[in-house]
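Residues per chain, in single letters:
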Amino acid sequence: MKLEPLTAVLSDPEATHAWGQRLGQVLQAGDLVVLTGDLGAGKTTLTQGIAIGLDVRGPITSPTFVIAREHPPLGNGPWLIHVDAYRLGNEIELDDLDLDTAVDEAVTIVEWGAGLVEHVAEHRLEVILARPDVDGPDQTRTVQVRAVGARWTTDVAHEQLAALGA
Ligand SMILES: Nc1ncnc2c1ncn2[C@@H]1O[C@H](COP(=O)(O)OP(=O)(O)OP(=O)(O)O)[C@@H](O)[C@H]1O
Ligand SMILES: [Mg+2]
């Protein structure tokens with residue numbers, strides 16, 4: 001069964017946060033999320049929701065000079081590694097970032113990561129945020145998800161992802 005790319009409409013920041021929370025409940029140790037979207041598209045807002053869904057310690061901030069932040073689990077779940085690759089021009093070697101946590105024990109979310117981090121894991125979710133009314137008052141964002149790799153080919157994973165499109 002092939003999973004079609006899925007789309008959801010996020011009408012305001014709260015909707016983006018809530019959708020992120022639902023996504024966070026699906027993510028497991030070893031998962032990589034490559035987060036794409038223009039400045040202010042809502043990548044950090046989405047990550048804040050994911051952190052709630054994962055149940056990790058906040059706060060999730062926009063890393064300005066810090067490339068990566070690590071958020072420990074509050075329960076038994078995985079860590080969250082939150083990376084902002086905006087200033088990085090080359091492929092990232094997460095090994096070079098002196099992380100305390102191994103990527104296979106954490107959920108790794110990389111803002112601006114497209115083209116830079118795919119080598120980090122054998123599978124990933126590509127999450128693309130867009131702002132259809134970029135110059136107008138409408139706050140709506142759309143989110144598209146594309147799943148890559150065997151991790152996302154099971155029936156369970158398909159059901160979980162499909163539910164995010166609803
Ligand atoms: N539907 C929406 N979803 C998410 N954020 C929204 C939405 N509508 C308005 N916003 C606002 O847009 C801004 C998004 O900021 P955020 O830091 O999440 O974006 P970002 O993509 O991480 O930006 P950057 O590229 O600077 O890292 C926030 O001020 C948020 O309140
Ligand atoms: Mg951001």
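The preceding data block contains the structure.
The paragraphs below set out a description of the structure included in this document. In this text, all values refer to a predicted model and were calculated from it rather than measured experimentally. Position numbers for residues count from 1 along each chain, tracking the sequence in the order it is written. Key to labels: chains lettered from A, ligands numbered from 1, both in the order written. For this predicted model, a pLDDT threshold of at least 70 governs which residues receive local features, and a threshold of 80 or more governs which side-chain atom pairs are given and counted, while totals over whole chains, interfaces and linings are taken from all residues.

**Quick notes on the site of ligand 1**
Nearness rests on one distance test: the residue's C-beta atom, set from the backbone, must lie within 6 Å of the molecule or strand. Within the structure, ligand 1 sits among 18 residues, and Thr16, Gly42, Lys43, Thr44 and Gln139 are positioned closest to it. Secondary structure elements are taken from DSSP: a helix is a run of H or I of four residues or more, a strand is a run of E of two residues or more, and numbering for both begins at the N terminus. Listing elements by their share of the shell around ligand 1, those giving two or more residues are α1 (13-26) and α2 (43-54). Nonpolar residues are Ala, Val, Leu, Ile, Met, Phe, Trp, Tyr, Cys and Pro. Charged residues are Asp, Glu, Lys and Arg, and all others, Gly as well, are polar. Across the shell around ligand 1, the residue classes break down as 5 nonpolar, 9 polar and 4 charged.

**Describing the sheet that holds strand β6 (residues 124-130)**
What makes two strands pair is DSSP finding at least two bridges between them. Taken in spatial order, the 7 strands line up as β1-β7-β6-β2-β5-β4-β3 in an open sheet, and their pairing is mixed. The open sheet is flanked by β1 (6-10) and β3 (68-71), the only strands paired with a single partner. Put simply, the sheet's adjacent strands are angled 20 degrees from each other on average, direction ignored. As judged from the 7 bridges shared by β6 and strand β7 (residues 141-148), these two strands associate in the antiparallel manner. Note on β7: the bridge partner recorded for Leu125 is Ala147. Our contact criterion uses C-beta atoms placed from the backbone: two residues qualify when those atoms are within 7 Å. Fitted lines through C-alpha atoms give the axes, limited to the stretch in contact for helices. The angle between two N-to-C directions lies from 0 to 180 degrees. With respect to the sheet, α1 is in contact with β1 and β7, its orientation differing from that of β1 by roughly 140 degrees. Packed on one face of the sheet, α2 meets β2 (32-36), β3, β4 (79-84), β5 (106-111) and β6 and runs near 170 degrees to β5.

From the geometry alone we can't say anything about function, so treat these as descriptive.
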